[in-house]
Structures are given as C-alpha cells and as structure tokens.
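Residue-level listing of the chains:
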Amino acid sequence: MNAVDIINKKRCGEALNTEEIEYMVMGFTEGVIPDYQMSALLMAICLQGMTKEETVDLTRIMRDSGETVDLSAIKGVKVDKHSTGGVGDKTTLIVAPIAAACGVPIAKMSGRGLGFTGGTVDKMESIPGFVTSMERDRFIESVNEKGIAVIGQTGHIAPADKKMYALRDVTGTTESISLITSSIMSKKLAAGADAIVLDVKCGAGAFMKTYEDARELAVWMVDIGRGNNKKMTAVISDMEQPLGKAVGNALEVREAIDVLRGDGPEDIRALSLRLAAEMILLGELADGSREKAEKMAMEALESGKALEKFGQFVANQGGDPAIIEDTSLFAQAAFAVEVRAEAAGYVTALDAMQIGLASQHAGAGREKKEDEIDMAAGILLDKKVGDEVQAGELLCTVYGNDKEKAETGAREAFAAYTIGSNKPEKTLLIKEIID
Ligand code: URA
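Quantities reported herein were computed from a predicted structural model and do not represent experimental measurements.

A word on the site of the ligand
Looking at the ligand, the residues that line it are His 82, Thr 84, Leu 114, Tyr 165, Arg 168, Ile 180, Ser 183, Ile 184, Lys 187 and Phe 207. Between the ligand and His 82 there is a distance of 3.3 Å, counted from an oxygen atom to a side-chain nitrogen or oxygen. Isolated, the ligand exposes 240 Å² of accessible area, and the fraction of that covered by the protein chains is 96%. Going through the elements one at a time, α8 (159–169) and α9 (177–190) are the ones with two or more residues in the shell around the ligand. Top contributing element to the shell around the ligand by residue count: α9, with four residues. Taken together, the residues of the shell around the ligand sort by class into five nonpolar, three polar and two charged.

Considerations on the sheet that holds strand β11 (residues 394–400)
Judged by pairing direction, the sheet is antiparallel, and its four strands sit side by side in the order β6-β9-β11-β7 without closing on themselves. Taken across any chain shown, the strands that pair with only one partner, and hence form the sheet edges, are β6 (246–247) and β7 (335–340). Relative to β11, β7 runs antiparallel, the two sharing six bridges. Note that in β11 the partner of Glu 338 across the bridge is Thr 397.

Regarding the nonpolar core
Counting 99 residues, the largest nonpolar core has Ile 98, Ile 106, Leu 198, Phe 310, Ile 355 and Ile 379 as its most contacted members. Among the elements that make up this core, the one with the highest residue count is helix α12 (residues 266–282) (10 residues). Beyond its immediate chain neighbours, meaning those up to four positions away, Ile 106 contacts Val 79, Ala 96, Ala 99, Ala 100, Val 143, Gly 147, Ile 148, Ala 149, Val 150 and Met 279.

Concerning the side chain of Thr 173
As for its placement among the helices and strands, Thr 173 is situated in the loop between α8 and α9. Take Thr 173: its relative accessible area is 0%, and that puts it in the buried class. Among the polar contacts listed, one links the side chain of Thr 173 to the side chain of Thr 171, at a separation of 2.8 Å.

Some words on the sheet that holds strand β8 (residues 345–350)
Working definition: the strands of a sheet are paired by backbone hydrogen bonds and lie parallel or antiparallel to each other. With respect to topology, three strands assemble into an open sheet ordered β10-β8-β12, the strand pairing being antiparallel. Since the sheet does not close on itself, it has two edges, and those belong to β10 (388–389) and β12 (417–420), each with one partner. Its contacts with the sheet place helix α16 (residues 403–416) against β8 and β12, and it is angled at close to 40° to β12.

Quick notes on a negative patch on the surface
Among the surface-exposed residues, Glu 135, Asp 137, Glu 141 and Glu 145 lie close enough to one another that they form a single negatively charged patch. Residue placement: Glu 141 occurs in helix α7 (residues 136–146). Judged by its relative accessible area of 43%, Glu 141 falls in the partly exposed class.

Things to note about α8
Here α8 lies mainly inside the structure; eight of its 11 residues are buried. Looking only at α8, the buried set comprises Pro 159, Ala 160, Asp 161, Met 164, Tyr 165, Leu 167, Arg 168 and Asp 169. Where α8 is buried, its residues meet α2 (18–29), α3 (35–48), α4 (52–63) and α9.

Remarks on the pattern of salt bridges
Under the counting rule described, the total for this entry stands at 33 salt bridges. In this structure, Glu 67 engages Arg 136 in a salt bridge whose closest nitrogen and oxygen atoms are separated by 2.9 Å. Remark: Arg 136 occurs in helix α7 and Glu 67 occurs in the loop between α4 and β1 (79–83); sequence separation between them is 69 residues. On the accessibility criterion, Glu 67 (32% relative accessible area) is partly exposed. Classification of Arg 136 by relative accessible area gives partly exposed; the value is 23%. Put simply, Arg 274, Glu 278, Arg 290, Glu 294 and Asp 435 are held in one network by salt bridges that share partners.

Parameters at a glance
- Residues numbered from 1 in each chain as written.
- Predicted model: local features only at pLDDT ≥ 70, side-chain atom pairs only at ≥ 80, totals over all residues.
- Heavy atoms only, no water.
- Near = heavy atom within 4 Å.
- Polar contact = N/O pair within 3.5 Å; in protein donor to acceptor, adjacent residues only side chain to side chain.
- Areas by Shrake-Rupley, 256 points an atom, 1.4 Å probe, with all protein chains shown as cover.
- Helix = DSSP H or I, 4+ residues; strand = E, 2+ residues; numbered from the N terminus.
- Nonpolar A, V, L, I, M, F, W, Y, C, P; charged D, E, K, R; others polar.
- Pairing = 2+ DSSP bridges.
- Core = buried A, V, L, I, M, F, W, Y, C linked by side-chain atoms within 4.5 Å.
- Buried < 20%, exposed > 50% of the residue type's maximum accessible area, 1.4 Å probe, protein only.
- Contact = heavy atoms within 4.5 Å.
- Axes fitted to C-alpha atoms, helices over the stretch in contact; angles between N-to-C directions.
- Patch = residues over 30% accessible without salt bridge, like charges linked within 9 Å, V, L, I, M, F, W, Y side chains within 5 Å.
- Salt bridge = Lys/Arg side-chain N within 4 Å of Asp/Glu carboxyl O.
- Lys, Arg positive; Asp, Glu negative; His and termini not counted.
- Charge placed at Lys NZ, Arg CZ, Asp CG, Glu CD.

Honestly, it's all geometry; don't read function into it.
Given below as structure tokens:
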C-alpha cells in the first residue's frame, strides 16, 4: 500500500477500504505519513466526500488511536455536550454549570479553536490562572466532589484527531461531514460519557452552511453514537449570525458570566437553557419530561445556583473566581477600533463567518497551528440582524493588542454587515431537536 495511490483513489471519488484508511490515519499519527500527504488526502475527502461506511471506519480508527476513558468511578449518568463549532458560541461555559447545578455529572473534554470558530479550551484559558489539564484521578475526583470539570482534550484521547484537527485548521479542510463526524464522535466515544447532546450549527458561521447538510451531519453523528450504545440528542441551531454579542476569548467568558448572572443576550440564554434541559433529560433527572427538565434548567439559572457552580468550577481549576465580580481582571486590549454604519437602515445580515475571521485576524484565533492567541482580542457587536441603525452609529467594536491587526479586523467586521431598508424577518434559533 502506498499513500500516493490512496490519495489518488480518493481524488477520483472512489471509496477507501478499512485497511487504506487505517494505513493513512495511523501512519500520520505515528509520524510516518508526512503533513503534506495527509493534507492532500484531507482535501480530497473534503471535495469528494466519504460514504457512511468509510466514516464509521474512520471514526473507529481515530477513537482507537488512543486511550478510552473509564468514567465508571463517577456516580450518575455522565452527559457530555458538543458543538460542531460556531462564532460567539460560549454555550459550554453556561450549559455545563447549569446542568451540573441540577445534578448532571459533567466530566467534559473540550477542544481549541478551529478555522474561524472559537474553542472552549482557548476561552477558558483567558480566565487568569485557569488550568485546562488535570491528572485523570483528580479529574474524576473533581466531578465527584464539585459535580463539574472541563479540561482540554489530552493527547491520549484520539491522538489521530488531535493531529488531523490541527492540520485541517490550517489547510482549509474543516468543512466536511465525514471529517467533522469522525473528529467529534471519535473523541466523544473515547471520552467515556453515557450520553451526548450535540449542538449542530447551520448557517454562514458554521461548517455546515445549509439546514439539510446540518441535519445530515446530526443524523450521522446520532447514528454513530447510538451504534456505540450512547444515548444521543442533537439540537440543530442557527449560526447565520454570531451567537450573543461577544466574539473572542475573554470577551466571550465575560458574556457567559453575564448570562449566568441572569443578564446577557437573549439568543445565547435561550440556546443554553435548551441544551442544558436536553442534558438534564438524558441524565435521567427529569422523569423523562422535557418540560420538567426545562423548569429545572431555568430554576438553576434564575436562583443563581448555576453562577455559584461556575465559581466553584473556576476555583477548582486554579482560576480566580474574583473575575465573576471584577471583569477588569481579564486581559484588557490596548486598542479598540469602532466600526460605524455609513448609511441608515436595518441590519439585514451579519455574516458569522466574516465576523469569526475578523476576530481571528484581530488576534483572537490562530492562522498557523503554532500561533499564540491574544486573549483580549475580539469583537463586541452593538448591532445584530433586525436592529435599526442611523448613519454614523456604532455597529461593533474590534479589540486587540496589535493596532494593525485590530484595524484589519475592523475593516473585515464592517464588510460583514449588510444594511438594507426593510426590517428582515426573524429566523428561528433552534431549528430541530433530533432525539
Ligand atoms: N469540532 C470538532 O471537534 N471537530 C470538527 O471537525 C469540527 C468541530
């Protein structure tokens, strides 16, 4: 077998067999297949796709490339949550403490940013002192004692995905149903939870641009999860415009705290409550009643119990819980560039991917896999779709510690807005629940 033949086969649109997939994936993981050959294969997969059988093989090979976590020492039904990636998506930071406050044991492994989307691990690292790695025993002990621990995906979990994910991030090979399915499900299956709630994004700021593609991705992941004895629910949610008003690491954590405090933008609050309710339901804590699960999630948020849980979670992982009261403890950007409307009208579109890229270029994301993130960089959106604007009014502010980068981000953020004369119709945030 050789790599060039396998790349050519996929480039011509043929299905690869189990041995060929294993040869490439394990060869790459072990350092035998170089980056450039794996990049070529990933691009061929993006362009030609993979069958469901190939995707099932790829997921299993990636899962088995590393260790499988045993969470049986944690009491209760362990429920994981995973987003397929979006812009301004800080739901894990809200959903995990809400669900934990309701008694769902949260033993979660999260990822870093990918392409124009942010990652929970990068966001959490913007909390001063917060540590995203933990010995396995302490991880389990933390969940048993505090009810929640969220760490970075270790190199031992699906190492094939870790290497492929980093390569996809910088080779324009993120948007593929098979690659996303295998990437997410290999990690989720290895991470040991009993049940998984998937937040599958669709729209301009998602890897899946259309509802149909997002639905197909959701169904593939749910099928693969169920085939591996996991209880699965997928929520399909809108990612046409960014979620909430903050994009960028420290800015997003601050917004998550606002939501946990009972404030914050309505869209992020509504989606977080929905996802938390689905976790409570799968966690068998609501007697099978979605309505009861919704009430429990709402009560945890409104009573302040979820915020209290967030504080315990931050402190347990070395972070300074004082950030909850004093947001000046977060990294502050040296530059703030305002973006103003040139004409009056309504915001008819706000391209989430363009905003994600603008935030990345302002310093909030990586362009090369070894790039450092500027934790203070990002965008605060003043206006979102449906808002009325006057000429000269503030649309958004781009933050960063590198003036040139912040200005680039500001030019790109301006281009992400479409201003028209008619108020657009409201779109549905939660499009479907597949359970
Ligand atoms: N999240 C992942 O973990 N992998 C992907 O490929 C996309 C989103």
